[in-house]
Each structure stands twice: as structure tokens, then as C-alpha cells.
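Residue-level structure breakdown
Listed here are the chains, written in short residue letters.
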Amino acid sequence: MMKEEQLILVNEQDIEIGTMPKLLAHQEGRLHRAFSIFIFNNKNELLIQQRAFHKYHSAGQWANSCCSHPRPQENTLDAAIRRLYEELGFKTELKHVDAFIYYADVNGGLIEHEYDHIFVGYYNGDFKPNSNEVNAVRWVGIELLNQEVHEEPTKFTPWFKAILAKYPLLNFTI
């Protein structure tokens, strides 16, 4: 039997204070380290993904290109590069652009309380999403994305909406 994934618990300064099983951290709403990746193409479109329908929270909702958690003793950038490849099947250079804390009820008594590191990258090649993680992907312009989020907010994950609220044009300084 596989050991349950451990999350890195942090304080509000992103200093590690321990680890906890992933499900328990989400049940208790404990602040933990995470990352959100935004991949743009040469048309300045954002790659978004629809989460697989069997995910234990936010299933079937649309999110940014890739998001996850670093493993204990894993550098956050290394984790982002690893997870991008695991979920979407490609590698590209990523740049850390910001971090913020958010708290959201994600359904079924589960809470996302994350110190979320934001990474940006560019990619124009082919890729094959992992169907265990991703139901669908698409490239979308920022104006259309903001319109869709405004018109049908329940189709999008809470963390994606939080980042869009903080950066409505996703104009990260790189």
C-alpha cells in the first residue's frame, strides 16, 4: 500500500513547521505550501486545465496550467518542474513571480489553506496530459478567461479565481 502524500505545513512567513497527511491537512484547513503554474504560449494565451473528475476536491473544475504541493525536503521550483511534467508531459523554464496565502472551502468539508507560490513559463510545443490528473486542457486569452470566470464562477477552482482577482490581467513581471 502506498503511503499517503505528506504536505509541508508552514507559518504565514512560509517557514516550515511540520508535515501532515494531505487529506488531514485539507480536512483541518492547515496552512501548507503549494504552487500554481501559469504557462503561456507565443499568442499570450494561458494554458488551463480541467481537473480530472475523480479528484477528491474541485473535480471537473477548471484551473491554471498546473498546481500541486512540494514534497517534504523538496525545493518548490523543483516540485513545480516535476509536477508540470507529471500532469502535462512537458518541461519548460519556470520563474517564481509571487506568493500569497488564501483560504477556501472546496467542498465536502475540505479546506484549501495554502501559501501558494506562483510560477510562470512559456511553451509552444506538443504535450500529452496525464488523464489520471487532467480531464481536458485548452489555451485561452485573458479577456475571454475573465469573462468566463465572471459569467460561470462555479466552473473554476477557488485558488484560480483568487489569483485572477489579485492579477486580473495575469501581467506578471518576469
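Just so we're clear, the structure is a prediction, and the values are computed from it rather than from any experiment. (Residues numbered from 1 in each chain as written. Predicted model: local features only at pLDDT ≥ 70, side-chain atom pairs only at ≥ 80, totals over all residues. Heavy atoms only, no water.)

Here we look at the UniProt feature "binding site: Mg(2+)" (unreviewed entry) in the chain
According to UniProt, the positions carrying the feature "binding site: Mg(2+)" (unreviewed entry) are Glu-87. Its place among the elements puts Glu-87 in helix α2 (residues 76-88). Accessibility expressed as a relative area gives 4% for Glu-87, which makes it buried. Leave out the neighbours within four places in its chain, and Glu-87 touches Gln-49, Ser-65, Cys-66, Cys-67, Pro-129, Asn-130, Glu-133 and Val-134. (UniProt positions renumbered as here; feature names shortened; annotations may be inferred. Helix = DSSP H or I, 4+ residues; strand = E, 2+ residues; numbered from the N terminus. Buried < 20%, exposed > 50% of the residue type's maximum accessible area, 1.4 Å probe, protein only. Contact = heavy atoms within 4.5 Å.)

Considerations on empty space enclosed by the protein
Empty space left among the atoms is revealed by rolling a probe the size of a water molecule over them. The tally for this structure, following the rule as stated, stands at one cavity of 30 Å³ or more. The calculated volume of the largest cavity comes to roughly 30 Å³. Gln-49, Arg-51, Lys-55, Cys-67 and Glu-87 are the residues that line the largest cavity. A per-class count over the lining of the largest cavity returns one nonpolar, one polar and three charged. (1 Å grid on protein atoms, 1.4 Å probe; cavity = no way out; pocket = protein on both sides within 12 Å on 5 of 7 lines; lining within 4 Å. Points joined across faces, edges and corners; volume = space filled by probe spheres on them. Nonpolar A, V, L, I, M, F, W, Y, C, P; charged D, E, K, R; others polar.)

Here's the deal with the pattern of salt bridges
Inspection of the entire model under this criterion finds 12 salt bridges. Residue Arg-83 is joined to Glu-86 by a salt bridge in which the shortest nitrogen-to-oxygen separation is 2.7 Å. Of this pair, Arg-83 and Glu-86 are both found in helix α2, three residues apart, which corresponds to roughly one turn of the helix. With a closest N to O distance of 3.2 Å, Lys-155 and Glu-152 form a salt bridge. Among the residues examined, Lys-155 registers a relative accessible area of 41% and is labelled partly exposed. Residue Glu-152 is classed as partly exposed on the basis of its relative accessible area of 38%. It is possible to trace a salt-bridge network through shared partners that takes in Lys-55, Arg-71, Glu-74, Arg-82, Arg-83, Glu-86, Glu-87 and Glu-133. (Salt bridge = Lys/Arg side-chain N within 4 Å of Asp/Glu carboxyl O.)

Focus: the packing of helix α3 (residues 142-151) against helix α4 (residues 158-166)
It is the contact of α3 with α4, at a shortest axis distance of 12 Å, that shows an interaxial angle of 120°. For the element pair α3 / α4, the angle class is oblique. In the crossing of α3 with α4, the sense of the turn from one axis to the other is left-handed. Here Leu-145, Asn-146 and Val-149 of α3 come into contact with α4, specifically with Phe-160, Lys-161 and Leu-164. Along the lines of polarity and charge, the residues of the contact of α3 with α4 split into four nonpolar, one polar and one charged. (Axes fitted to C-alpha atoms, helices over the stretch in contact; angles between N-to-C directions. Parallel < 35°, antiparallel > 145°, perpendicular 65-115°, else oblique. Left-handed = near helix turned anticlockwise from the far one by under 90°.)

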